2 protein chains.
Amino acid sequence: MPKLSETEKEARRRRVLEGARRCFARYGYDGATVVRLERQIGLSRGAIFNWFPSKQDLFLALAAEDNTRLHALFAEEGFDALLEAVTEDEPDWLAVYLEFGRLLKADAGLRERWLAIAPPEARQRSRARIETGQAAGDLRTDMSADELGQFLGVVIDGIVSQRALGFDPPASDLVRRLVTDAIAARNQEGRG
Amino acid sequence: MPKLSETEKEARRRRVLEGARRCFARYGYDGATVVRLERQIGLSRGAIFNWFPSKQDLFLALAAEDNTRLHALFAEEGFDALLEAVTEDEPDWLAVYLEFGRLLKADAGLRERWLAIAPPEARQRSRARIETGQAAGDLRTDMSADELGQFLGVVIDGIVSQRALGFDPPASDLVRRLVTDAIAARNQEGRG
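All figures in this text were calculated on a predicted structure; none of them were measured in a lab.

Participant: Can you explain the overall build of chain A? Please cite residues and give values.
Facilitator: Each helix and strand counted, chain A has 11 helices and zero strands in total. Taken along its principal axes, the extent of the C-alpha atoms in chain A is 70 × 35 × 30 Å. Buried positions account for 32% of the 192 residues belonging to chain A. Considering only contacts within chain A whose residues lie at least 6 apart along the sequence, 64% involve residues at least 24 apart.

Participant: Tell me about the relation of the copies chain B and chain A, and please be specific about residues and values.
Facilitator: Placing chain B over chain A gives an RMSD of 0.0 Å and needs a rotation angle of 180°, together with 0.0 Å of translation along the axis. One copy is carried onto the other by what is essentially a two-fold rotation axis. Minimal C-alpha distance to the rotation axis in chain B is attained by B:G158, lying at 1.8 Å. Interface overlap between copies: 100% of the residues of chain B at the interface are likewise at the interface in chain A, consistent with a symmetric, same-surface contact.

Participant: Lay out the domain arrangement of chain A in plain terms, naming residues and giving numbers.
Facilitator: Residue and element names in this part refer to chain A. As assigned here, chain A comprises domain 1 (1-52) and domain 2 (59-190). Counting from both sides, the interface comprises nine residues of domain 1 and, opposite them, nine residues of domain 2. Here the residues of the side of domain 1 that touches domain 2 are counted per class, giving six nonpolar, one polar and two charged.

Participant: Let's hear about the environment of A:V160: which residues, and what values?
Facilitator: Examined against the element boundaries, A:V160 turns out to sit in helix α9 (residues 145-164). Setting aside chain neighbours within four positions, we find A:V160 in contact with A:V86, A:L94 and A:Y97.

Participant: Describe the interface of chain B and chain A, listing the residues and the values that go with them.
Facilitator: Where interface size is given, it is often the accessible area lost as the parts come together that is meant. Taken together, the contact pairs 35 residues of chain B with 35 residues of chain A. Here the element with the most residues in the side of chain B that touches chain A is helix α9 (residues 145-164) of chain B; it accounts for 11 residues. Among the residues forming the side of chain B that touches chain A, the class breakdown is 19 nonpolar, eight polar and eight charged.

Participant: With reference to specific residues and values, describe helix α6 (residues 91-106) of chain A.
Facilitator: All names here are of chain A. If you check α6, its first and last C-alpha atoms are 24 Å apart, about what 16 residues at 1.5 Å a residue would give, namely 22 Å. F100 marks the point of greatest bend in α6, at about 30°. When α6 is considered as a whole, its buried residues turn out to be L94, A95, V96, Y97, L98, E99, F100, G101 and K105.

Participant: Which residues make up the environment of A:H71, and what values go with them?
Facilitator: All names here are of chain A. Structurally, H71 can be placed in helix α4 (residues 55-77). Given 22 C-beta atoms within a 10 Å radius, H71 is considered buried. Every residue in contact with H71, bar those within four places of it in the chain, is listed here: A118, A122, R123, R125 and S126.

Participant: Which residues make up the confidence of the model for chain A, and what are the values?
Facilitator: For chain A, mean pLDDT is 92; residues scoring 70 or higher make up 97% of the total. Here the prediction assigns the complex a pTM of 0.91, and the interface score ipTM is 0.91.

Participant: Hey, could you go over the nonpolar core for me, with residue numbers and the actual values?
Facilitator: Ranked by size, the top nonpolar core spans 78 residues in total, and within it A:A20, A:V155, A:V179, B:A20, B:V155 and B:V179 carry the most contacts. Ignoring sequence-local partners within four residues, the contact set of B:V179 consists of A:A182, B:F79, B:L152 and B:V155.

Participant: Describe the packing of helix α1 (residues 6-31) of chain B against helix α6 (residues 91-106) of chain B, and please don't skip the residues or the numbers.
Facilitator: Residue and element names in this part refer to chain B. One way to put it is that α1 packs onto α6 with a least axis distance of 8 Å and a crossing angle of 45°. Between α1 and α6, the interaxial angle falls into the category oblique. Judged by the twist between their axes, the crossing of α1 over α6 is left-handed. Residues R21, F24, A25, R26, G28, Y29 and D30 of α1 pack against D92, W93, V96, E99 and F100 of α6. Partitioned by chemical class, the residues of the contact of α1 with α6 number six nonpolar, one polar and five charged.

Participant: Describe in detail α1(B), supporting the description with residues and values.
Facilitator: All names here are of chain B. Between the first and last C-alpha of α1 there are merely 32 Å, a value that for 26 residues lags more than 12% behind the 38 Å anticipated at 1.5 Å per step. Roughly 80° is the biggest bend found in α1, and it falls at A25. Of the surrounding elements, those touching the buried residues of α1 are α2 (34-41), α3 (45-51), α4 (55-77) and α6.

Participant: Before we move on, can you summarise the environment of B:F79 with the specific residues and values?
Facilitator: Residues and elements named next belong to chain B. Residue placement: F79 occurs in helix α5 (residues 79-88). Looking at F79, the number of C-beta atoms within 10 Å reads 19, which means it is partly exposed. C-alpha separation for the pair F79 and D181, spaced 102 residues apart in sequence, amounts to 12 Å. Beyond its immediate chain neighbours, meaning those up to four positions away, F79 contacts F74, L152, R176 and V179.

Participant: Pulling in residues and values, what's your account of the packing of helix α10 (residues 172-183) of chain A against α9(B)?
Facilitator: Relative to each other, α10(A) and α9(B) sit at 75°, their axes nearing to 11 Å. The angle between the axes of α10(A) and α9(B) places the two elements in the roughly perpendicular class. In this structure, α10(A) uses A:L174, A:V175 and A:L178 to contact α9(B), whose residues at the interface are B:E147, B:F151 and B:V154.

Quick notes on the rules
Residues numbered from 1 in each chain as written. Chains lettered and ligands numbered in written order. Predicted model: local features only at pLDDT ≥ 70, side-chain atom pairs only at ≥ 80, totals over all residues. Helix = DSSP H or I, 4+ residues; strand = E, 2+ residues; numbered from the N terminus. Buried ≥ 20, exposed ≤ 12 C-beta atoms within 10 Å, placed from the backbone. Contact = placed C-beta atoms within 7 Å. Least-squares fit on C-alpha atoms with pLDDT ≥ 70 in both. Domains from an automatic or database assignment. Nonpolar A, V, L, I, M, F, W, Y, C, P; charged D, E, K, R; others polar. Expected span 1.5 Å × (residues − 1). Bend = angle between axes of the 7 residues up to and from the residue. pLDDT = per-residue confidence, 0-100. Core = buried A, V, L, I, M, F, W, Y, C linked by C-beta atoms within 7 Å. Axes fitted to C-alpha atoms, helices over the stretch in contact; angles between N-to-C directions. Parallel < 35°, antiparallel > 145°, perpendicular 65-115°, else oblique. Left-handed = near helix turned anticlockwise from the far one by under 90°.

And the structure:
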């Protein structure tokens, strides 16, 4: 095999990831056979699995991309932008997460890997955004930044799950107003 | 076949539903084959499908039971009780919902049936609870009772989805406080 430059390597890796994403969205996780992956990516199985040792690793890499992107969006632009993004993601792609969920459920080791798919820096930047809001007096401080983040995660997962099943979640503006109020500092003050 | 009394019929129907619930939770939706359903229920396929024309109908009947129970819980005891219930439901059972989701996603007719699994009275009683809270000045009125209900649904679905995948959602008390604050009347007043 001729040696690829770093730029060529990165282009090749992107091609594998983008083709795999299309393939999973189109056929589902189980339905994305090696033959279909080859066809959508346009590379042989040898070339594909040279980059990612297994289909599971391929999906984890895509989930890590999503996760990193969503953390960056939240850290830079806030909850509204995050909400907008998951409201625009393709339902066919979101449904792959639910399907992959069966593997997660059955495998504690995989769940560990899953919880760590976003790089620590990405998660740290999300937490920092919440902490900054708390320090500025905008967000409530009777709960930790991690706890507020976990709540935002539940809401996002609820929307993803509804969209993945083919249902329309409530309007983004409605969710945004309710979540913004839930985590606002004034609710802490309103308390006895 | 000897004629069953109404009481015997009801007992037979319950036996089918309870056995099917165990079978789905244990083997998953796809894994719940007719042979396994027969074994868990302790009745022949003829007797089982006499009550429910298909596996899909069997699962819809179980989902309808859950849905009716959760609506009643919310209508009578409120969001805390609903939250408690989904936090206690067996993850193996919740995971069947995610698996069934693939069918829902692929079939608009099934989604219509799904949206109607809870009897109208059950949904009406849930809405009435929210309306009563609004009339009493406890819950915000800048959003309709239906909209507030949809938001509660997103939070519940987020928790169900996390638990179905084998993860621990945030503590119920945390979620309860944040959701209670989100829908409280004071947030409407706090607005300019």
